[in-house]
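# Inside the fold
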Amino acid sequence: MEPTVLQAGFDVLGDGRPETIWLGIGTLLMLLGTFYFIVRGWGVTDREAREYYAITILVPGIATAAYLSMFFGTGLTEVEVVGRGALDIYYARYADWLFTTPLLLLDLCLLAKVDRVTIGTLIGVDALMIVTGLVGALSQTQLARYSWWLVSTIAFLFVLYYLLTILRNAAKERSDEVRATLNKLIVITAVLWTAYPILWIVGTEGAGIVGLGVETLAFMVLDVSAKVGFGFVLLRSRAILGDTDAPEPSTAGSSTAD
Ligand code: RET
């Protein structure tokens, strides 16, 4: 296959899939991110910081497995679409996102200190967004595919609304440090996540304007930024440390500090 701009890639495994180069690079970057966060978190004893580390390490860890399965072609299926023939669909992405997007949102919810109902609603709507996106990707007519995209995008708008209003307002009670970090992470999340539905609709799942090579590359860059880049900003911040103005533990020995 002649590599053109819209079919960017390199068939590393020699099985006729030029996008494997991007899936291979994605696997390595996710693995590096996972180990980097593990090493950074090794000696951390602060209880709150350990929560953020646990969540933030799991995110690229899960993505490493998903990317490896796509690299080897396990996380790939073919869908017959009326008028378009057989489409290659990497469904392992959705398995990755179903677990990692709630974890990323959980990081934001912990920073904002919102209540359980808010956390549950946000994560529920987020899961709905991913599952309806998957149904769209597996649908056999363009009308069905576009309809599911719309349903998923409406769920996404709810997620955005929650982040930009409810989480931001809840954070008003928190320290300057936490608020600054949360605001930065919400902006990063809102911008990067917005690119996903756009890429899906112009890519092979939607209108097919962008080929599978470019689409795979773009999703890889987005995934690495939204997971590893996000984790980098979060874990570097002092905002993840337990409240300095929290009341002193009343009984000696109940402290979790070293
Ligand atoms: C889909 C389907 C089409 C409509 C919408 C989508 C949204 C996907 C998003 C994914 C975010 C993934 C992240 C992954 C890794 O860190 C499912 C593409 C709205 C927002 C952040």
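Model, not experiment: these values are computed from the prediction. Starting from 1, residues in each chain are numbered consecutively following that chain's sequence as written. In keeping with the predicted nature of the model, local features appear solely for residues at pLDDT of at least 70, side-chain atom pairs appear and are counted solely at 80 or more, and the whole-chain, interface and lining totals rest on all residues. As a rule here, side-chain values come from all non-hydrogen atoms in the structure, and water together with hydrogens is ignored.

What follows covers the packing of helix α1 (residues 20–41) against helix α2 (residues 47–71). For any two helices packed against each other, the geometry is given by the interaxial angle and the distance between the axes. Interaxial distance between α1 and α2 falls to 8 Å at its minimum, and their mutual angle equals 160°. Taken together, the axes of α1 and α2 are roughly antiparallel relative to one another. Handedness of the α1/α2 crossing: left-handed. Side-chain classes are defined by residue name, with Ala, Val, Leu, Ile, Met, Phe, Trp, Tyr, Cys and Pro counting as nonpolar, Asp, Glu, Lys and Arg as charged, and the others, Gly among them, as polar. Of the residues belonging to the contact of α1 with α2, the class tally is 13 nonpolar, 10 polar and one charged. Every axis corresponds to a line fitted to the C-alpha atoms, with the helix fit spanning only the stretch in contact, and the corresponding angles, defined between N-to-C directions, vary from 0 to 180 degrees. Strands are runs of DSSP state E lasting at least two residues, helices are runs of H or I lasting at least four, and both sets are numbered from the N terminus onward. Note on angle classes: values under 35 degrees are labelled roughly parallel, values over 145 roughly antiparallel, values of 65 to 115 roughly perpendicular, and the remainder oblique. Crossing handedness is defined as follows: a turn of the near helix away from the far one that is anticlockwise and smaller than a right angle gives a left-handed crossing, while the clockwise case is right-handed.

The next thing to look at is the site of the ligand. Surveying the vicinity of the ligand reveals 16 residues, the closest of which are W149, S152, W193, Y196 and K227. K227 is positioned such that a nitrogen or oxygen atom in its side chain is 3.1 Å from an oxygen atom of the ligand. Note on areas: Shrake-Rupley, 1.4 Å probe, and residue coverage restricted to the protein chains presented here. Out of a free accessible area of 540 Å², the ligand has 100% covered by protein chains. Within the residue set of the shell around the ligand, elements represented by two or more residues are α3 (92–112), α4 (116–138), α5 (142–170), α6 (176–202) and α7 (212–236). Any residue with at least one heavy atom within 4 Å of a molecule or strand is counted as near it. In the analysis that follows, any N or O atom pair within 3.5 Å is treated as a polar contact, provided that within protein one partner can donate a hydrogen and the other can accept it, and provided that, for residues neighboring in sequence, both atoms belong to side chains.

This part covers the UniProt feature "transmembrane region" (unreviewed entry) in the protein. UniProt positions are given in the numbering used here, feature names are shortened, and annotations may be inferred rather than shown by experiment. Under the UniProt annotation, the feature "transmembrane region" (unreviewed entry) is placed at residues 20–39, 51–74, 94–112, 119–140, 146–164, 185–203 and 209–235. Summarising residues 20–39: 100% helix, 0% strand, and an end-to-end C-alpha distance of 29 Å. A distance of 32 Å separates the end C-alpha atoms of residues 51–74, which is 88% helix and 0% strand.

Attention now moves to α2. Any helix carries an expected span of 1.5 Å times its number of residues minus one. In this model α2 runs 37 Å from its N-terminal to its C-terminal C-alpha over 25 residues, within 8% of the 36 Å that 1.5 Å per residue would give. With a side-chain oxygen positioned 3.2 Å from the backbone nitrogen of E48, the residue opening α2 is D46. After α2 finishes, the residue G73 shows a positive phi value of roughly 90°.

Turning our attention to α3. Between its first and last C-alpha, α3 extends 31 Å over 21 residues, near the 30 Å set by a 1.5 Å rise per residue. Of all the bends in α3, the greatest reaches close to 25° and is centred on L98; the proline P102 follows between one and four positions later. Counting buried positions along α3 gives 16 out of 21 residues, so the element sits mostly inside the fold. Downstream of α3 by a residue or two, K113 has a phi angle that is positive, lying close to 55°. Two axes enter the definition of the bend at a residue: one is fitted to the seven residues ending there, the other to the seven starting there, and the bend is the angle between them. The buried label applies to any residue whose accessible area, calculated with a 1.4 Å probe on protein chains only, is under 20% of its type's maximum; exposed applies above 50%, and partly exposed to all values in between.

A word on the environment of F10. Position of F10 among the secondary structure elements: in the segment before α1. Contacts are assigned to residue pairs that have any heavy atoms within 4.5 Å of one another. Apart from the residues lying within four places of it in its own chain, the contact partners of F10 are R17, P18, T20 and I21.

Glancing now at the side chain of T216. Take T216: it is sitting in helix α7. Classification of T216 as buried rests on a relative accessible area of 1%. Here T216 is in contact with E19, W22, L23 and R93, once residues within four sequence places are set aside.

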